[in-house]
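Chain and residue survey
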Amino acid sequence: MGIKEKCKIIEFNDLGDERGKLVVIEGNISIPFEIKRVFYIYDSDNTIVRGQHANRKTDFVLINVAGKSKVRITNGKEEFVVELNRPMMGVYIPKMIWKDMYDFTPDSVLLVLANTHYDGDEYIRSFDEYLKEVEVD
Ligand code: TYD
């Protein structure tokens, strides 16, 4: 499967009305996994690159709930860049995909949903090591 089919852009439903917008994300309904962990990244800027890892066990959905950032996604063979620039869109990044987040606007709040509790041992932080592991997949 190509990386764009695997790492899907998700458009969330807008439950907003004249009082404002409302986006609801329910595990296994609006995203393809049960949510076990939520974290958010802010106060980064356009000089910073975050991520720079792949995860052996974790699937993620990334959403800029405010501001903008970009995420470069690769499987070692193909890559693409997603601009996260609307609270109603997210990108699904399943396990064993390498990602770099960058170009954060000063107001960027990048919300991340994950299907695991944190375990530093399931992170692959060397791109060479990642390439070796995906070869044998
Ligand atoms: P890091 O993985 O570098 O963040 P990013 O997602 O931007 O790549 O994490 C920074 C630090 O925070 C690192 O010491 C690990 C810790 N951390 C946790 O303890 N739990 C978590 O869920 C995450 C994402 C990070």
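All of the points below concern the structure found in this document. Note that the coordinates shown come from a computational prediction; the quantities given were computed from them, not determined experimentally.

**Things to note about the overall build of the protein**
If you tally the helices and strands in the protein, you get two helices and 10 strands. Going from N to C terminus, the protein has its helices and strands arranged as α-β-β-β-β-β-β-β-β-β-β-α. Whereas a compact globule of 137 residues would reach a radius of gyration of roughly 14 Å, the protein reaches 15 Å, a difference of no more than 12%. Each of the three principal axes of the protein carries a C-alpha extent, and together these read 50 × 35 × 30 Å. Across the 137 residues of the protein, 42% fall into the buried class. Relative to all contacts within the protein whose residues are 6 or more apart in sequence, the contacts with residues 24 or more apart total 77%. Working note: accessible area of the protein is about 7,900 Å², and carbon and sulfur atoms make up 49% of it. Considering the protein, the positive charge centre built from 19 side chains and the negative charge centre built from 24 side chains are found 1 Å apart.

**Digging into the site of the ligand**
By nearness alone, every residue bordering the ligand is listed as Arg37, Phe39, Ile41, Arg50, Gly51, His53, Tyr118, Tyr123 and Arg125. A distance of 2.5 Å is found between an oxygen atom of the ligand and a side-chain nitrogen or oxygen belonging to Arg37. If the ligand stood free it would expose 520 Å²; the protein chains cover 59% of that surface. When contributions to the shell around the ligand are tallied by element, the ones reaching two or more residues are strand E2 (37–42) and strand E3 (49–55). Considered class by class, the residues forming the shell around the ligand number four nonpolar, two polar and three charged.

**Re helix H2 (residues 127–135)**
Among the residues of H2, Tyr130, Glu133 and Val134 are the ones counted as buried. Along the axis of H2, the buried residues cluster in a sector spanning 95°; they form a single face. More than 90 degrees from the buried face of H2, the exposed residues found are Asp128, Lys132 and Glu135. Those residues of H2 hidden inside the fold are in contact with E3, strand E5 (69–74), strand E8 (98–102) and strand E10 (123–124).

**A closer look at the nonpolar core**
Counting residues in hydrophobic clusters, the biggest one holds 20 residues, and the most contacted among them are Leu62, Val71, Ile73, Val82, Leu84, Val91 and Leu110. If you list the elements that add at least two residues to this core, you get strand E4 (60–66), E5, strand E6 (79–84), strand E7 (89–93) and strand E9 (109–114). In this structure Ile73 touches Ile3, Cys7, Glu78, Glu79, Phe80, Val82, Val91, Ile93, Ile97 and Trp98, once residues within four positions along its chain are discounted. Counting residues in hydrophobic clusters, the runner-up holds nine residues, among them Ile10, Ile31, Val61 and Ile63.

How each quantity is defined
Residues numbered from 1 in each chain as written. Predicted model: local features only at pLDDT ≥ 70, side-chain atom pairs only at ≥ 80, totals over all residues. Heavy atoms only, no water. Helix = DSSP H or I, 4+ residues; strand = E, 2+ residues; numbered from the N terminus. Rg over C-alpha atoms; globule rule 2.2 N^0.38 Å. Buried < 20%, exposed > 50% of the residue type's maximum accessible area, 1.4 Å probe, protein only. Contact = heavy atoms within 4.5 Å. Areas by Shrake-Rupley, 256 points an atom, 1.4 Å probe, with all protein chains shown as cover. Lys, Arg positive; Asp, Glu negative; His and termini not counted. Charge placed at Lys NZ, Arg CZ, Asp CG, Glu CD. Near = heavy atom within 4 Å. Polar contact = N/O pair within 3.5 Å; in protein donor to acceptor, adjacent residues only side chain to side chain. Nonpolar A, V, L, I, M, F, W, Y, C, P; charged D, E, K, R; others polar. Arc of directions from axis to C-beta. Core = buried A, V, L, I, M, F, W, Y, C linked by side-chain atoms within 4.5 Å.

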